[in-house]
Amino acid sequence: MNYYVKKLISFVITLFCVALLSFLLFQIVPGDAAISQLGTEATPEKIEELRTEYGYDRNVFVRFFSWLGGVFTGDLGVSIKYNPITVSELIGQRMTVTIWLGILSILLIVVFSIPLGLICAKKPGGIVDTVSDWLAQTFMAIPSFVQGILVTLIFGLVLSWFVPGKYVNPTSNFPEFLRCMFFPALSVALPKIAMTVRFMKTSVKKELKKDYVRTAKAKGCSQNRIMWKHVLKNSMLPVITFIGLIVAEVMAGSIMIEKVFNLPGLGLLLVNSISNRDYNVVQAIVMYIALLVITVNFIVDIVYKILDPRTAE
Amino acid sequence: MKELKYGKLNKRLIAGGLLLGLILVPVVINVFHTAYDPNEVNYAEKFLKPSWAHFFGTDDFGRDIFTRVMMGAATTFGIALFTVTFGALIGTVIGALTGYFGGIVDEILMRINDCLASFPSILLALVVVSLLDKGTWNICIALGIVFVPSFARIIRAEFLKERGKDYVLNARLMGAGHLRIVFKHVFPNTLPILFSAVLVGINNAVLAEAGLSYLGLGVQPPEPSLGRMLSEAKTYLFKAPWYELFPCLVMIVFILGLTMVSENFGVSGVSLNAVKRKIDRIREKSGVPEEEDTKDKDDLSEKKDTPIISVKDLDVGFIEDDGIDDTLKGVSFDLYKGEVLGVVGESGSGKSLTAMSIMGILSDKTVITGGSILLDGKTDLTKLDEDEYRKLRGGRLAYIFQEPMTSLNPVKTIGAQIDEILDIHASHLPEAEQKKLVIDSLEDVGLPEPDKLYNMYPHQLSGGMRQRVCIAMALVAKADVILADEPTTALDANVADVILDIFKHINRKYKAAIILISHDLRVIGKLADRVIIMQDGNIVETLGVDISRKKTEGKDGKYSEMPDHSFEIPRTQYGRHLFAAAFSDKIYKDTEDVDKKQSETIVSAENLSVFYKSANKREKELKKVIDNVTFSIPAGKTTGFVGESGCGKSTLVKAIAGLQKYTEGSIVLKGDRPGMVFQDPYSSLNPAFKVRRILEEPLRLKNGFGRSIIKKNREKMLSEIKSMLHKVELGDDILERKVSELSGGQRQRIAIALALLQKKALIILDEPVSALDVTIQEQILELLMKLKKSIGLTYILISHDKRLVSRACDEVYMVENGHVTPMNS
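Residues numbered from 1 in each chain as written. Chains lettered and ligands numbered in written order. Predicted model: local features only at pLDDT ≥ 70, side-chain atom pairs only at ≥ 80, totals over all residues. Heavy atoms only, no water.

Visitor: Could you clarify how one ought to interpret a nonpolar patch on the surface in this entry?
Guide: Side chains of Leu150, Ile154, Leu157, Val158, Leu159 and Trp161 of chain A together with Phe238 of chain B sit close together on the surface and give an oily, nonpolar patch of about 710 Å² of accessible area. Residue leucine 150 of chain A is classed as partly exposed on the basis of its relative accessible area, which comes to 35%. (Patch = residues over 30% accessible without salt bridge, like charges linked within 9 Å, V, L, I, M, F, W, Y side chains within 5 Å. Areas by Shrake-Rupley, 256 points an atom, 1.4 Å probe, with all protein chains shown as cover. Salt bridge = Lys/Arg side-chain N within 4 Å of Asp/Glu carboxyl O. Buried < 20%, exposed > 50% of the residue type's maximum accessible area, 1.4 Å probe, protein only.)

Visitor: Please clarify how the sheet that holds strand S16 (residues 762-766) of chain B should be interpreted in this entry.
Guide: Neighbouring strands of a sheet are bound in pairs by backbone hydrogen bonds; such pairs are parallel or else antiparallel. Residue and element names in this part refer to chain B. The strand order S15-S16-S17-S13-S18-S19 describes an open sheet built from six strands, whose pairing is mixed. With one partner strand each, in any of the chains shown, strand S15 (675-677) and strand S19 (819-823) form the two edges of the open sheet. For this sheet, the mean inter-axis angle between neighbouring strands, taken without regard to orientation, is 20°. Two strands pair when backbone bridges link them, and strand S13 (residues 638-642) and strand S18 (residues 811-816) are joined in this way by four bridges, in the parallel orientation. For glycine 640, the partnering residue across the bridge sits in S18 and is valine 812. The sheet strands contacting helix H20 (residues 649-656) are S13, S15, S16, strand S17 (794-799), S18 and S19, and the helix crosses S17 at an angle near 155°. Running at roughly 175° to S15, helix H23 (residues 744-757) makes contact with S15 and S16 of the sheet. (Pairing = 2+ DSSP bridges. Helix = DSSP H or I, 4+ residues; strand = E, 2+ residues; numbered from the N terminus. Axes fitted to C-alpha atoms, helices over the stretch in contact; angles between N-to-C directions. Contact = heavy atoms within 4.5 Å.)

Visitor: Looking at this structure, how should I read helix H16 (residues 463-476) of chain B?
Guide: Working note: α-helix, 3.6 residues per turn, so residues spaced by three or four point in the same direction. Residue and element names in this part refer to chain B. Between its terminal C-alpha atoms H16 stretches 20 Å, which fits the 20 Å expected from 14 residues at 1.5 Å a residue. Of all 14 residues in H16, 13 are buried; the element is thus mostly enclosed. Remark: lysine 478 follows H16 within two positions and exhibits a positive phi of approximately 55°. (Expected span 1.5 Å × (residues − 1).)

Visitor: What is the right way to look at the interface of chain A and chain B in this model?
Guide: Quoted interface sizes are often the accessible area lost when the parts come together. In this assembly, 79 residues from chain A lie in contact with 83 residues from chain B. Buried area between chain A and chain B, both sides added, is near 7,300 Å², and the carbon and sulfur share of it is 70%. Per-residue buried area on chain A facing chain B is highest for Arg214, Lys219 and Arg310 of chain A; these three make up 11% of the total on that side. At the junction of chain A and chain B, the tally comes to three salt bridges. For glutamate 420 of chain B, the salt bridge identified is with arginine 225 of chain A, shortest N-O distance 2.6 Å. Across the contact surface, chain A and chain B share 16 residue pairs in polar contact (both at pLDDT 80 or more). Of all elements in the fold, only helix H1 (3-25), helix H6 (127-140), helix H7 (144-158), helix H8 (174-208), helix H9 (211-219), helix H10 (223-261), helix H11 (266-275) and helix H12 (279-307) of chain A reach the threshold of two or more residues within the side of chain A that touches chain B. For the side of chain A that touches chain B, the element with the most residues is H10 of chain A, which contributes 18 residues. Classifying every residue of the side of chain A that touches chain B gives 46 nonpolar, 14 polar and 19 charged. (Buried area = accessible area lost by both parts, 1.4 Å probe. Polar contact = N/O pair within 3.5 Å; in protein donor to acceptor, adjacent residues only side chain to side chain. Nonpolar A, V, L, I, M, F, W, Y, C, P; charged D, E, K, R; others polar.)

Visitor: Can you walk me through the packing of aromatic side chains in this structure?
Guide: Each aromatic ring pair is specified by the distance between its two centres and by the angle formed by the two planes. For the coordinates displayed, the defined rule picks out 33 aromatic pairs over all chains. Between phenylalanine 155 of chain A and tryptophan 161 of chain A, the aromatic rings sit 5.4 Å apart at their centres with planes inclined by 40°, giving tilted as the arrangement. Taken together, a centroid distance of 5.1 Å and an interplanar angle of 90° make the contact between phenylalanine 55 of chain B and phenylalanine 66 of chain B edge-to-face. With phenylalanine 55 of chain B in the loop between helix H1 (2-32) and helix H2 (65-101) and phenylalanine 66 of chain B in helix H2, this residue pair connects regions lying eleven residues apart in the sequence. A relative accessible area of 43% places phenylalanine 55 of chain B in the partly exposed class. Counting every residue linked through ring pairs, the aromatic cluster contains Phe155, Trp161, Phe162, Phe182, Phe183 and Phe261 of chain A. Above the ring of tyrosine 214 of chain B, the side-chain terminus of lysine 259 of chain A is found at 5.8 Å from the ring centroid. Across from the ring centre of phenylalanine 689 of chain B, 4.7 Å away, lies the NZ or CZ of arginine 693 of chain B, which sits over that ring. (Phe/Tyr/Trp six-rings, centres within 6.5 Å; stacked < 30°, edge-to-face > 60°. Lys NZ or Arg CZ within 6 Å of the ring centre and 35° of its normal.)

Visitor: Looking at this model, I keep getting lost on the pattern of salt bridges. Mind explaining?
Guide: For side chains of opposite charge, pairing can occur when their charged atoms come near one another. Residues and elements named next belong to chain A. Summed over the entire model, instances satisfying the criterion amount to 40 salt bridges over all chains. Note that glutamate 207 is salt-bridged to lysine 210, the shortest N-O span being 3.4 Å. Glutamate 207 sits in the buried class, given a relative accessible area of 8%. Put simply, Asp129, Asp133, Arg198 and Lys201 are held in one network by salt bridges that share partners.

Visitor: Looking at this model, I keep getting lost on the sheet that holds strand S11 (residues 601-613) of chain B. Mind explaining?
Guide: Residues and elements named next belong to chain B. Judged by pairing direction, the sheet is antiparallel, and its three strands sit side by side in the order S12-S11-S14 without closing on themselves. Edge positions in the sheet fall to strand S12 (622-634) and strand S14 (663-669), since each has one partner strand and no second. Adjacent strand axes in the sheet meet at a mean angle of 15°, parallel and antiparallel pairs treated alike. Note: S11 against S12, nine bridges, orientation antiparallel. Residue pairing for S12: valine 603 is matched across the bridge by isoleucine 633. Where H20 meets the sheet, its contacts fall on S11, S12 and S14, and the angle it forms with S12 comes to roughly 65°.

Written out as structure tokens, the structure reads:
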């Protein structure tokens with residue numbers, strides 16, 4: 001069977017399992033949403049009424065499939081907290097914010113880590129390597145929200161390069177929107193840059209030990225030529241996959257950072273919805289974040305396949 | 001080199017340990033004794049700066065921050081410890097069982113694992129916490145659940161790697177049960193990885209606790225935790241920066257310490273494993289075989305006018321921590337135009353090092369400390385600057401490496417890789433002309449369809465073809481010195497012969513001088529005009545061709561009859577030794593008591609077919625490796641199976657040993673399961689054990705392995721083991737050593753002792769000597785035959801080496817394309 005077909009099937013299976021998991025998790029909530037929403041006003045009749053309205057009286061499988069259908073059509077019912085606002089209305093715009101935050105973070109990760117990793121691997125033990133190693137270790141040891149606070153403090157309050165808490169709607173002024181997103185993205189990216197630099201360094205160092213490098217040297221290639229023409233592509237291949245894996249971490253980071261910078265994204269909504277026990281919204285956000293992660297990984301796997309001649313057809 | 005690395009890492013370990021101590025000691029003291037009540041509110045002392053009374057100052061309620069940080073750290077570390085223990089325990093059991101047994105359960109669990117990996121871990125923890133409600137215990141459970149998959153994944157990967165190793169097969173042959181193998185044999189080997197995974201896990205748990213607290217879902221007030229303090233303090237960043245600073249510092253120092261300690265054990269927070277697994281999957285689905293890791297080679301490195309290369313008193317040293325360790329000591333020889341010079345020696349004798357010195361591609365840790373290498377009698381290569389040298393490399397000097405499978409860049413086409421040499425050395429050639437030269441060179445080494453080959457990638461070529469591509473690289477630049485370092489060792493016998501023919505061809509056609517390095521005198525005998533014998537970094541002697549000796553007899557009648565070479569008789573002891581071993585005709589079969597045991601059969605196979613299930617899970621079909629064969633193996637003799645690699649001979653004997661799941665037809669074994677001695681003594685003995693423990697295992701299995709029984713039997717076991725060590729000609733002092741400290745020959749002796757301790761009557765020898773140096777090979781063969789006679793053993797010997805099999809076996813079967821045919825010699 002064709003690789004892409006296989007990959008697509010496995011993508012669909014994973015998607016299905018993830019959906020099932022996201023759905024089932026919220027079936028074990030102690031006391032359902034209807035009760036928690038009514039609070040002290042709960043009378044048996046009122047509860048029953050609400051349960052019917054939310055569809056809780058239906059069979060769990062029927063509910064799962066209608067919910068799964070809703071994930072794609074956008075019809076995920078109403079928010080329990082902000083009834084009658086629908087879940088998709090709540091999520092809609094915020095998704096754009098989170099996706100852009102993710103894209104900018106990944107861009108920053110790639111732009112910083114790959115050259116830095118190369119330089120570190122080229123001169124292990126050199127100044128750049130030592131300094132970046134210590135910086136990387138320190139950044140990996142600080143919780144991401146603290147890094148967000150530090151970025152606000154340094155770039156926002158001391159250097160005044162941006163206005164903390166300022167947010168511009170992407171539809172009204174897109175360039176300004178991106179400017180507002182830059183420092184949050186940097187905060188998300190910092191710990192991941194640290195990880196990726198180290199990964200890139202390990203990858204390059206591993207490649208440098210391989211036999212083909214010795215062959216290249218024996219051919220008369222200069223150090224630079226070996227780096228650029230032979231090692232770079234080989235060592236980039238695992239990094240591509242690594243960045244795919246890091247997407248999940250970037251999403252996790254953005255949940256924190258959106259709260260630090262007060263950005264109206266999925267993360268902030270998620271945290272608020274958890275506090276409000278608005279499980280319809282929580283469930284939908286969990287699903288969409290997972291969906292983002294698997295989709296990116298699906299794309300990354302295909303890109304890898306095309307770039308690596310050993311797997312390309 | 002190992003020690004050098006070790007010493008450096010230990011420094012980091014100590015530094016990391018100190019950092020951890022710096023945090024943990026006050027934290028522990030604080031649990032028992034605190035100077036202030038951490039929760040006592042005192043508005044009068046609000047926001048005091050750090051002082052001797054309050055090391056870290058006070059917070060918005062006037063509480064002592066030092067006390068609170070220490071209390072908070074205890075809570076945070078406690079949560080981390082609990083969650084990681086929880087995750088590691090469950091994860092290890094799941095990972096061990098699924099990794100070892102595989103199958104459908106493994107498949108399902110890995111799928112679930114993949115799904116869980118699509119949720120950012122903090123998201124999963126958030127959801128669990130939100131479902132369970134807040135509170136310290138609930139955070140523990142939530143984070144614990146989140147950690148299970150990652151531990152399961154790490155341990156599974158280790159078990160998957162270990163389960164195919166020969167020591168596991170060995171344990172099965174001994175009769176150890178699966179659970180015993182999982183927990184007693186394999187598990188100890190995964191401990192280093194597990195340990196560092198635990199450290200990385202603690203690191204992640206500390207950060208996760210902080211994250212949850214920040215989102216208001218962690219530890220609830222007034223109980224302090226590092227995470228809660230960090231998020232509470234952010235409001236007072238300007239007013240009381242110390243409030244934020246100190247909890248943050250404590251966390252950073254703690255995690256830095258952890259990282260430094262965990263790196264010492266080989267795993268960093270960066271998961272290479274997960275990446276490798278994904279890439280393997282992509283390859284698997286595209287039908288590309290898994291790439292084998294490039295093995296670390298032990299090998300440290302390697303007419304009558306002016307010699308083209310003249311090496312004089314060359315000293316090469318290896319940089320150690322405390323100075324330079326001499327590896328080549330005063331090596332001198334000449335290479336003339338058009339000559340083939342053989343260099344022979346055992347591994348570590350310095351033959352590759354010599355060649356790499358000429359080529360100027362020594363590793364950074366290796367330096368030339370004396371002597372000269374003259375090119376054309378005038379240019380001293382040791383004094384050449386890097387740019388000049390580069391012009392020679394790949395130009396006049398060409399190097400051909402041992403491993404054709406890994407010597408080419410996997411992501412560049414064959415054409416581009418040869419082309420590169422012309423780019424560097426013959427610039428300004430028109431592109432079309434350059435391409436023609438490349439294709440000509442491919443044709444010259446006998447590769448079919450060079451036009452098509454030009455655009456192909458290395459993985460699409462066989463090992464023999466790749467080695468030809470490497471030779472073509474030497475041709476395209478018209479190199480006049482070719483250094484061939486074990487060019488045929490990695491190849492099958494018939495392919496190796498073709499490669500040697502190509503060398504002969506280019507030597508004649510282009511008059512290129514060739515230095516042919518090999519551990520195998522027989523390879524060198526086929527090609528070389530002269531041979532240099534090396535030992536321990538010295539040249540022992542140089543032998544030229546003795547034309548008169550070609551068919552005449554030598555003094556001791558052994559190597560003289562060889563048609564394989566025409567070298568002079570070696571004069572030194574070592575040289576004679578090497579020649580005797582390489583060209584030995586010593587026959588090990590018994591000729592006398594053939595009739596006595598003729599009738600008895602120990603193994604008989606009838607219409608036996610053996611199938612191989614590919615490790616690739618998606619390939620459901622079984623591959624037929626052995627096709628309907630019938631044979632019987634007589635007791636008390638040596639029966640050989642000979643064939644090239646991949647012919648199915650190993651699969652066949654594993655079926656005899658009962659280690660193959662998928663067979664058809666019948667195998668009848670008289671008596672016990674056979675014992676086995678594997679080719680690679682590095683993987684057939686459990687690396688986690690000492691020699692004593694390895695040899696005790698069969699006795700423990702026999703006598704029972706309860707603690708009291710082992711204690712009672714200790715003396716008896718020890719004496720039994722000692723007498724067995726004596727039989728395999730090893731001293732008692734070896735008992736307390738680890739496998740990694742033994743030489744190849746010693747390991748193989750232990751492997752033999754292991755089989756004998758099980759009182760096996762039938763022993764399968766799977767390439768028992770091919771990983772050993774020639775001189776050691778003969779010693780092991782000698783020992784095997786002596787034991788066979790004295791104990792009355794039956795051997796099944798498998799080898800790719802026809803000569804060896806015909807010397808050692810009473811009966812020989814040829815294995816080819818899944819068929820087995822008796823060979824009459």
